[in-house]
Amino acid sequence: MTQKWTNPETLVLHAGYRSDSATNAVAVPIYQTTSYQFRDTEHAAALFGLKEFGNIYTRIMNPTCAVLEERVAALEGGVAALAVASGQAASLFAIQNICHAGDNVVSSTDLYGGTWNLFANTLTTMGIEVRFVDPADPENFRRATDARTRCYYAETLPNPKLHVFPIREVADIGRKLGVPLIMDNTACPILCRPFDHGAAVVVYSTTKYIGGHGNSIGGLVVDGGNFDWEGNAERFPMLNKPDPSYHGAVWTEAVKPLGPIAYIIKMRVTLLRDIGAPMSPFNAFLFIQGLETLPLRMRQHCANAGQVADFLAKHPKVSKVIFPTHMSGEMRRRADTYLKGGHGALVGFELSGGREAGRRLIDSLKMFYHVANIGDARSLAIHPATTTHSQLTPDDQLATGVSDGYVRLSVGIEHIDDILADLKQALVAA
Ligand code: PLP
């Protein structure tokens with residue numbers, strides 16, 4: 001069914017589900033259950049032995065989550081997906097699935113602060129080294145690669161720098177060396193499909209635009225099915241050597257009859273089983289609701305953000321606007337190449353009055369919410385240096401693009417006149 005359509009507006013409504021097999025319900029039911037009755041002992045043994053696919057226990061799979069997984073996989077042009085409890089869990093799982101102690105990841109410096117912390121601190125305690133490189137020069141990824149490099153990692157539209165990542169350039173370097181590129185596409189669903197540009201894995205914080213209504217935390221890992229794990233067996237022993245945690249299964253072989261889904265199946269039946277960070281079925285239902293209007297919302301988000309950026313650029317108290325259409329040279333080229341139908345809805349700016357002016361502006365906003373989130377239908381604002389990025393050292397803050405006076409807006413879908421009016425009155429106080 002999902003193969004019939006390619007347009008995102010249709011896929012978000014129809015991919016992966018027609019009606020409930022038990023009740024014919026058109027809305028996706030919330031399967032709020034922990035477990036599933038086995039037909040008999042033979043059936044149970046077949047499910048546990050992966051001889052037959054079916055529901056066992058909601059920590060590992062759930063029919064409501066399955067619709068979200070299939071729908072987003074179709075939207076991205078991937079082969080399968082895994083829903084997890086948060087965007088952070090998605091990033092961690094995407095890496096842990098192929099890396100263990102002694103391995104390394106080469107990551108862009110341009111990251112969300114929480115991901116930076118995960119990489120610089122928590123992964124280090126697990127013995128996984130993250131080598132941060134500046135994506136301004138894609139060759140930096142090649143230079144940092146060695147025999148223990150298991151993946152490259154980057155954000156498509158990295159918040160807060162908003163320098164679009166050179167996906168094709170880095171994916172091509174990686175494919176020659178046998179290293180897959182994992183892209184966090186959280187800030188620009190619909191606008192970019194990283195698999196079209198050579199990425200192997202996409203991760204999402206569904207908390208943001210996919211949910212779109214600021215009500216649930218969740219994440220997704222999407223498998224592009226386009227990376228030759230078997231052909232790079234030495235680099236990926238976790239997918240190509242017998243897995244003692246699953247009767248010695250060799251994932252690339254065990255899963256072959258089902259298609260190129262070894263990476264995502266292994267993640268489901270080992271990481272999700274052992275670490276246990278599944279998405280709740282209720283949250284999956286809310287994300288499915290959000291997804292249905294995502295293309296419409298992204299259009300409005302982007303149109304509003306473009307107007308906000310233009311307004312701020314002309315304002316006498318604003319010293320700099322950070323938004324793709326206000327960039328030039330290579331950064332503008334990357335934005336135009338990788339983002340289609342809009343340049344995203346995150347707008348950064350610096351006030352001539354610096355840190356204090358930034359605080360005054362945020363305290364004066366009346367309609368914008370002051371929250372640590374992006375991608376809500378409502379407009380949001382924050383001062384990253386004192387909040388989302390405050391746990392980073394000043395040097396690390398600057399490396400991720402956070403200066404003292406930087407204010408970040410996540411422009412919502414309210415009427416543009418009301419958005420501009422709120423900014424205008426707050427700028428008086430700034
Ligand atoms: N990736 C990006 C780009 C983010 O902005 C965020 C959260 O702000 C995350 C990942 C983490 O997502 P979550 O808060 O759902 O764990």
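Preceding this paragraph is the structure being described.
Keep in mind it's a predicted model, so treat the numbers as computed, not measured.

## Overview of the overall build of the protein
- Per the secondary structure count, the protein includes 16 helices and 12 strands.
- A globule of 430 residues ought to have a C-alpha radius of gyration of about 22 Å, and the protein, at 22 Å, matches this closely.
- Principal axes of the C-alpha set define a box for the protein whose edges measure 75 × 50 × 35 Å.
- A burial count over the protein gives 58% of its 430 residues as buried.

## Topic: the pairing of strand S6 (residues 201-205)
- In terms of burial, S6 is largely enclosed, as 5 of its 5 residues are buried.
- Of the two faces of S6, the one carrying Val201, Val203 and Ser205 and the one carrying Val202 and Tyr204 are both buried.
- Bridge analysis of strand S5 (residues 181-184) against S6 gives 3 bridges, and the strand direction is parallel. Within S6, the position partnered with Asp184 by the bridge is Val203.

## With respect to the packing of helix H11 (residues 281-292) against helix H12 (residues 294-313)
- Contact geometry for H11 and H12: axes closest at 5 Å, N-to-C directions at 60 degrees. Considering their axes alone, H11 and H12 lie oblique with respect to each other. Contact with H11, carried on its side by Gly290, Leu291 and Glu292, involves Leu294, Pro295 and Arg297 of H12 and no other residues of that element.
- Along the lines of polarity and charge, the residues of the contact of H11 with H12 split into 3 nonpolar, 1 polar and 2 charged.

## Here's the deal with unusual backbone geometry
- In this structure, the amide linkage connecting Asn159 to the following residue, Pro160, adopts the cis form with an omega of 15 degrees.
- Tracing the backbone through its elements, the reader meets Pro160 in the loop between strand S4 (149-155) and helix H7 (167-177).
- Positive phi, close to 60 degrees, is recorded for Leu162, a residue that is not glycine.
- Structurally, Leu162 is set in the loop between S4 and H7.
- For Ile190, which is not glycine, the phi dihedral falls at a positive 70 degrees.
- With respect to the element layout, Ile190 can be found in the loop between S5 and S6.
- For Ile190, a relative accessible area of 23% corresponds to the partly exposed category.

## Details of empty space enclosed by the protein
- What the rule picks out here adds up to 1 cavity of 30 Å³ or more.
- In this structure, the largest cavity encloses a volume near 50 Å³.
- What lines the largest cavity is Thr58, Arg59, Ile60, Met61, Asn62, Cys65, Glu69, Ala83, Arg268, Leu272, Pro278 and Met279.
- Mapped onto the lining of the largest cavity, the elements with two or more residues apiece are helix H3 (63-76) and helix H10 (262-275).
- When grouped by side-chain class, the residues that make up the lining of the largest cavity number 7 nonpolar, 2 polar and 3 charged.

Thresholds, definitions, all that
- Residues numbered from 1 in each chain as written.
- Predicted model: local features only at pLDDT ≥ 70, side-chain atom pairs only at ≥ 80, totals over all residues.
- Heavy atoms only, no water.
- Helix = DSSP H or I, 4+ residues; strand = E, 2+ residues; numbered from the N terminus.
- Rg over C-alpha atoms; globule rule 2.2 N^0.38 Å.
- Buried < 20%, exposed > 50% of the residue type's maximum accessible area, 1.4 Å probe, protein only.
- Pairing = 2+ DSSP bridges.
- Axes fitted to C-alpha atoms, helices over the stretch in contact; angles between N-to-C directions.
- Parallel < 35°, antiparallel > 145°, perpendicular 65-115°, else oblique.
- Contact = heavy atoms within 4.5 Å.
- Nonpolar A, V, L, I, M, F, W, Y, C, P; charged D, E, K, R; others polar.
- 1 Å grid on protein atoms, 1.4 Å probe; cavity = no way out; pocket = protein on both sides within 12 Å on 5 of 7 lines; lining within 4 Å.
- Points joined across faces, edges and corners; volume = space filled by probe spheres on them.

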